[in-house]
Amino acid sequence: MKQVGEARDGAESLCPPIDLVGEPDWQPFDAPALVGASLRFVSGEPDGNRYRVRYYRDAHQQLQARVWFGPETEGPPGHAHGGSMAAVMDEVLGLAAWAAGHAIVVGNLNVSFRTLLPLETVVTVESAVVSAQGRKVLVEGRIRQGDTVYVEAQCLCITLPDQSPASRQDAR
Ligand SMILES: CC(C)(COP(=O)(O)OP(=O)(O)OC[C@H]1O[C@@H](n2cnc3c(N)ncnc32)[C@H](O)[C@@H]1OP(=O)(O)O)[C@@H](O)C(=O)NCCC(=O)NCCS
Ligand SMILES: CCCCCCCCCC(=O)O
């Protein structure tokens with residue numbers, strides 16, 4: 001049986017362009033300009049068949065993302081792999097802390113899978129930095145489309161010394 005994204009001869013073909021436009025009051029957010037080009041695992045193939053990701057800041061300066069889960073994120077037939085959704089939450093929530101000025105790595109990520117996510121769906125990944133106390137930055141987020149919530153997550157980020165976003169940009 002022919003699989004999604006597979007050409008007739010069995011070779012992978014690229015899926016067509018996907019509309020990842022944001023809400024009217026969102027501003028595009030340049031993640032590599034803030035953290036460098038290291039975040040390739042999730043957002044490094046903007047035209048590929050795995051994920052396609054576009055970042056924004058909303059009117060409250062919180063990081064938001066439009067994410068397309070392509071055929072190569074498959075887990076259960078026709079639906080996204082749980083690890084693929086966890087990876088998206090890891091990147092988006094960690095990046096949200098950086099975007100808020102905290103130089104962190106992710107210490108703990110708690111992910112609840114609420115609804116099976118069909119492949120080739122564009123979803124919104126919402127984030128909110130809810131607290132910052134000492135070295136601990138708590139970020140929450142969810143994957144949703146309309147009223148359907150696919151994933152909810154809480155992320156404990158831990159700041160690293162001498163790695164502030166400002167100092168990283170100064171070093172370039
Ligand atoms: C997260 C990390 C930097 C913390 O190590 P550390 O700098 O030695 O800091 P500590 O272990 O002293 O932890 C600092 C605080 O965070 C808390 N903390 C750290 N990791 C935690 C976790 N997974 N869950 C809950 N609390 C955690 C500690 O309890 C401590 O709290 P306290 O100050 O109230 O005692 C380190 O464990 C690490 O590098 N982990 C790997 C991170 C990673 O690979 N992330 C994915 C890529 S971003
Ligand atoms: C030095 C830039 C680091 C950016 C970190 C953003 C969160 C990534 C999460 C992870 O790698 O698990």
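Residues numbered from 1 in each chain as written. Chains lettered and ligands numbered in written order. Predicted model: local features only at pLDDT ≥ 70, side-chain atom pairs only at ≥ 80, totals over all residues. Heavy atoms only, no water.

1. Examining the overall build of the chain
Thought 1: Tallying secondary structure elements over the chain gives 4 helices and 7 strands in all.
Thought 2: Across the chain, helices and strands are ordered from the amino to the carboxyl terminus as β-α-α-β-β-α-β-β-β-β-α.
Thought 3: Out of the 172 residues in the chain, the part that is buried amounts to 40%.
Thought 4: For the chain, the share of sequence-separated contacts (at least 6 apart) that also reach a separation of at least 24 residues comes to 65%.
Thought 5: Entry remark: accessible area of the chain is about 9,200 Å², with carbon and sulfur atoms responsible for 51%. (Helix = DSSP H or I, 4+ residues; strand = E, 2+ residues; numbered from the N terminus. Buried < 20%, exposed > 50% of the residue type's maximum accessible area, 1.4 Å probe, protein only. Contact = heavy atoms within 4.5 Å. Areas by Shrake-Rupley, 256 points an atom, 1.4 Å probe, with all protein chains shown as cover.)

2. Some remarks on the sheet that holds strand β6 (residues 136-145)
Thought 1: Overall, antiparallel pairing links the 7 strands, which are arranged β1-β2-β3-β5-β6-β7-β4 in an open sheet. Both outer strands of the open sheet, β1 (27-28) and β4 (104-113), are each paired with one neighbouring strand and no more.
Thought 2: Pairing between β1 and strand β2 (residues 51-57): 2 bridges, direction antiparallel. Directly across from Q27, in β2, lies its bridge partner R57. (Pairing = 2+ DSSP bridges.)

3. As for the environment of A132
Thought 1: Residue placement: A132 occurs in strand β5 (residues 121-133).
Thought 2: Residues A132 and Y55 lie 77 residues apart in sequence; the distance between their C-alpha atoms is 22 Å.
Thought 3: Excluding residues within four positions of it along the chain, A132 makes contact with H102 and V137.

4. Things to note about the pattern of salt bridges
Thought 1: Under the defined criterion, the tally for this structure stands at 4 salt bridges.
Thought 2: One network of salt bridges, with partners in common, ties together E126, R142 and R144. (Salt bridge = Lys/Arg side-chain N within 4 Å of Asp/Glu carboxyl O.)

5. Description of the nonpolar core
Thought 1: In terms of nonpolar packing, the biggest core is built from 37 residues, with Y55, V67, F69 and I143 touching the most fellow members.
Thought 2: Every element with two or more residues in this core is listed here: α1 (31-35), β2, β3 (63-69), α3 (82-99), β5, β6 and β7 (148-159).
Thought 3: Per-element tally for this core: the top contributor is α3, with 11 residues.
Thought 4: Not counting chain neighbours up to four residues away, the residues in contact with V67 comprise L20, Y51, R52, V53, V88, T121, V122, V123 and V125. (Core = buried A, V, L, I, M, F, W, Y, C linked by side-chain atoms within 4.5 Å.)

6. Quick look at the side chain of E91
Thought 1: Assignment of secondary structure puts E91 in helix α3.
Thought 2: With no salt bridge to any partner, buried E91 finds its closest opposite charge in R50, at an N-O distance of 8.5 Å.
Thought 3: For E91, the contacting residues outside a window of four places in its chain are L39, V42, S43 and Y55. (Lys, Arg positive; Asp, Glu negative; His and termini not counted.)

7. Quick notes on the UniProt feature "domain: Thioesterase" (unreviewed entry) in the chain
Thought 1: Within this numbering scheme, the UniProt entry marks residues 78-149 as carrying the feature "domain: Thioesterase" (unreviewed entry).
Thought 2: Helix makes up 25% of residues 78-149 and strand 49%. Its end C-alpha atoms lie 18 Å apart. (UniProt positions renumbered as here; feature names shortened; annotations may be inferred.)

8. Focus: the site of ligand 1
Thought 1: The environment of ligand 1 is made up of V105, V106, G107, N108, R135, K136, L156, I158 and L160.
Thought 2: A distance of 2.9 Å separates a nitrogen atom of ligand 1 from a polar backbone atom of V106.
Thought 3: Contacts to ligand 1 include R135, whose side-chain N or O atom sits 2.7 Å from an oxygen atom.
Thought 4: Compared with its free state, where it exposes 930 Å², ligand 1 has 37% of that area covered by protein.
Thought 5: For the shell around ligand 1, the secondary-structure elements that each account for two or more residues are β4 and β7. (Near = heavy atom within 4 Å. Polar contact = N/O pair within 3.5 Å; in protein donor to acceptor, adjacent residues only side chain to side chain.)

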